[in-house]
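Listed below, chain by chain, are the residues.
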Amino acid sequence: MAANMYRVGDYVYFENSSSNPYLIRRIEELNKTANGNVEAKVVCLFRRRDISGNLNTLADSNARDFEEESKQPSVSEQQKHQLKHRELFLSRQFESLPATHIRGKCNVTLLNETDVLVNYLEKEDCFFYSLVFDPVQKTLLADQGEIRVGSKYQAEIPDKLAEGEADSRVQEKLETKVWDPDNQLKDPQIDQFLVVARAVGTFARALDCSSSIRQPSLHMSAAAASRDITLFHAMDTLQKNGYDLARAMSTLVPQGGPVLCRDEMEEWSASEAMLFEEALEKYGKDFNDIRQDFLPWKSLASVVQFYYMWKTTDRYIQQKRLKAAEADSKLKQVYIPTYTKPNPNQIMGPGNKPGMNGAAGFQKGLSCESCHTVQSPQWYAWGPPNMQCRLCASCWIYWKKYGGLKTPTQLEGAARASTESAPRSHMTRQEVQGMSPFTSSAGRAKLLAKNRQTFILQTTKLTRIARRVCQDILQPRRAARRPYASINANAVKAECMIRLPKASKAPVKNRPVARPSLATIVKELALQAPLKLKAPRGAPTPINRNQANQPRAASNLLGKRPFDSVGGLPFSTNGRPFTSGMRTTSQSVIKRQKVNPGDAPNPVVFVATKDTRALRKHLSQAEMRRAARKPHLPVRVKLPLPPRPLPTPILPSSTSEPIVLED
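From a predicted model like this one, the values you see are computed outputs, not experimental measurements. (Residues numbered from 1 in each chain as written. Predicted model: local features only at pLDDT ≥ 70, side-chain atom pairs only at ≥ 80, totals over all residues. Heavy atoms only, no water.)

A closer look at the overall build of the protein
For the protein, the helix and strand inventory stands at 25 helices and 13 strands. Counting across all 663 residues of the protein, residues that qualify as buried make up 29%. The contacts in the protein between residues at least 6 apart in sequence include a share of 63% that link residues at least 24 apart. When the accessible surface of the protein is summed, it comes to about 46900 Å², and 55% of that surface belongs to carbon and sulfur atoms. (Helix = DSSP H or I, 4+ residues; strand = E, 2+ residues; numbered from the N terminus. Buried < 20%, exposed > 50% of the residue type's maximum accessible area, 1.4 Å probe, protein only. Contact = heavy atoms within 4.5 Å. Areas by Shrake-Rupley, 256 points an atom, 1.4 Å probe, with all protein chains shown as cover.)

Given below as structure tokens:
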């Protein structure tokens, strides 16, 4: 009964998906809704699988520093792998979840340098955290509430002086005297001086314009003058003047007027106090965040001083009573019965009841992906459905609680990707260009700084065989259309080893491909290489778009596809200018410099001219397709003959006879 009772402040497991690991949350409030259900306001804690790879690298660096500082005992690779499952990241993100989704309790503690990490593996449902994760900013920061325990935080106490030994230390450097109890003044005289200091403070507030607005009445000014800041100033004045009342009195009221002493309670305005109360409600006593997000114009010392002065006001007592009344009206604990419904990921054989199928049911012969056992009272489907992976009962519970497998495996990454979000079917052109390292100058500089070395990716014989045997799993055409999607080669090879003994023994027929010699390829490339334009001598002529008779550079008939001739007129594909009449997009009379591929600009856009679009209309659909399949071949356009002009009629000067036009 006590195990199913959950209270405010407990760390619990929440289940949001039957196949994903549990969510770990801390209960902050238990609220009853209008329909009678119970909702829990919880603080989110994140696992390593929930953060990005860059933040995981930062967490690994922090873990190495912790091991070096705390001198942790050496652990095995499997223990290091399991310790990553026990590490959590605290956050300040809140959410509301149904209380019926709670699946048990767990224990989460702040990591201390006196802790031994291996001890967490020996305890069930035990986690630790040392960093705070910000889901909005995607950052990891050290927890501000760290308990400083250890040898480097201890004070160094000097040895005790022997009897009669003089202290050789300089006391002025160690401390400053602010009050001498053995002075010549009596207590009534000191009290009278303090009353005079309060009266001077009240008069100073009456003369100050800002103070008269904040304390419009005499009672408010007198109350502000009676605060501790006035008494501290009066006693400090006595100490500086050698406890001479006459000199101290003249110091309180100098030539310019009375001295006004104000603390943080008076310096802050009403709106600033409201902001502070709102920030305190959101962040608690985290003064760094309060100052950063709500009061950046205040110093940290000012915020801390205002907090302790604010606690002495009636406003604090009033809010404390309101919170106590709200806490009494809210639920303090809730009973959740044990969840006994079967999991949809259970693998059940035909005619078997859930939990009794054993190893002799579905997927006979396959072992657990984590512990590699072949016998279990219950099996669970795990990972992508096409992988046909499964876990035994104990490894399934480990997966749900700790978000990983007991032993490292490459399939864990594929399962994580499939459970986090559904894969996208396509990517936009902007996203593909954004993934390219050449889109930013920093990425181009980083790539150009590396040594360029030629490498060859050569597949093994088993990989080539697996491509033929496991075509239904590999789906090469689908993989070619989606090159950004990863392929689990290990799973394909494992399936190939199972199918290979049953495969056909007939040799695979390979069709030989005739490859041309290297000399032939070089000659073809030399013929297709464009000629470079030589810069003419003299000053270059500026380009004027209004001049139609200027020669321009080569244009393309089919957008990006070159051609050689149109209607009997030669058109070049090697960069030579046209003879006449064709308009192009640009004209260059200066020799172009070679551009490094890493510094290449954005893709060039070719704009077809009016004449080019007119010539396209004379191509048939078959000719357009042929030109698209073979852009290296010239395209010939047969222009229709122009219509014959009619003869000009000759009118007689003076006749009325009809005119006959003969062709």
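Let us keep going from here.
Observations concerning the confidence of the model for the protein
Looking at the protein, the pLDDT average stands at 76 and 72% of residues meet or exceed 70. Mean pLDDT values for the elements of the protein range from 42 in strand E12 (residues 565-566) up to 94 in strand E2 (residues 11-14). Confidence drops under pLDDT 50 across residues 413-451; counting only partners more than four residues distant or on other chains, this segment forms 38 contacts. Note that pLDDT drops below 50 for residues 540-590; the model gives that stretch 100 contacts with residues more than four away or on any other chain. (pLDDT = per-residue confidence, 0-100.)

Focus on the environment of Asp 286
The residue Asp 286 is located in the loop between helix H11 (270-283) and helix H12 (287-293) in this model. Through-space distance from the C-alpha of Asp 286 to that of Val 304 is 10.0 Å; in sequence the pair is 18 residues apart.

Here we look at the pairing of strand E10 (residues 379-382)
Bridge analysis of E10 against strand E11 (residues 389-392) gives four bridges, and the strand direction is antiparallel. Paired with Trp 379 across the two strands is Cys 392, which belongs to E11. Counting the residues between successive antiparallel strands, the hairpin from E10 to E11 contains six residues, one of them, Gly 383, with a positive phi of roughly 85 degrees. (Pairing = 2+ DSSP bridges.)

Quick word on the pairing of strand E8 (residues 139-142)
Pairing between strand E7 (residues 126-134) and E8: four bridges, direction antiparallel. Residue Asp 134 lies in a different strand from E8, and its bridge partner there is Thr 139.

Things to note about the packing of helix H19 (residues 461-469) against helix H22 (residues 489-499)
Where H19 contacts H22, the two axes come as close as 9 Å, and the packing angle between them is 75 degrees. If you check the angle between H19 and H22, you find them roughly perpendicular. For the pair formed by H19 and H22, the contact residues are Leu 462, Thr 463, Ile 465, Ala 466 and Val 469 on the first element and Val 492, Lys 493, Cys 496, Met 497 and Arg 499 on the second. Partitioned by chemical class, the residues of the contact of H19 with H22 number seven nonpolar, one polar and two charged. (Axes fitted to C-alpha atoms, helices over the stretch in contact; angles between N-to-C directions. Parallel < 35°, antiparallel > 145°, perpendicular 65-115°, else oblique. Nonpolar A, V, L, I, M, F, W, Y, C, P; charged D, E, K, R; others polar.)

Comments concerning the packing of aromatic side chains
The description of an aromatic ring pair uses the distance of the two centres, along with the angle that the planes make with each other. Under the definition given, this model contains 19 aromatic pairs. Both rings, one in Tyr 283 and one in Phe 294, keep their centres 6.1 Å apart while their planes meet at 75 degrees; by these two values the pair is edge-to-face. Placement of the pair is Tyr 283 in helix H11 and Phe 294 in the loop between H12 and helix H13 (300-310), with a sequence separation of eleven residues. Members of the aromatic cluster, each reached through a chain of ring pairs, are Trp 268, Phe 276, Phe 287, Phe 306, Tyr 307, Tyr 308, Trp 310 and Tyr 316. Across the ring face of Phe 94, the terminal group of Lys 41 is positioned such that the distance to the ring centre comes to 5.1 Å. The positively charged end of Arg 103 is found above the aromatic ring belonging to Tyr 339, 3.8 Å away from the centroid. (Phe/Tyr/Trp six-rings, centres within 6.5 Å; stacked < 30°, edge-to-face > 60°. Lys NZ or Arg CZ within 6 Å of the ring centre and 35° of its normal.)

Structural notes on the packing of helix H8 (residues 228-240) against helix H9 (residues 245-252)
One way to put it is that H8 packs onto H9 with a least axis distance of 9 Å and a crossing angle of 130 degrees. One way to sum up the angle between H8 and H9 is to call them oblique. In this structure, H8 crosses over H9, and the sense of that crossing is right-handed. Residues His 233, Thr 237, Leu 238 and Lys 240 of H8 form the contact with H9, whose participating residues are Leu 245, Arg 247, Ala 248, Thr 251 and Leu 252. Partitioning the contact of H8 with H9 into residue classes produces four nonpolar, three polar and two charged. (Left-handed = near helix turned anticlockwise from the far one by under 90°.)

Focus on the pattern of salt bridges
As a working rule, side chains carrying opposite charge can pair if their charged atoms are close by. Counted by the stated rule, this structure contains 21 salt bridges. Put simply, Asp 289 and Arg 92 hold a salt bridge, and the shortest N to O gap is 3.4 Å. With Asp 289 in helix H12 and Arg 92 in strand E5 (residues 87-98), this pair connects stretches of sequence that are 197 residues apart. Arg 92 gets classed as partly exposed once you look at its relative accessible area, which sits at 43%. Across the pair Asp 125 and Lys 401 runs a salt bridge whose closest N-O atoms are separated by 3.1 Å. (Salt bridge = Lys/Arg side-chain N within 4 Å of Asp/Glu carboxyl O.)

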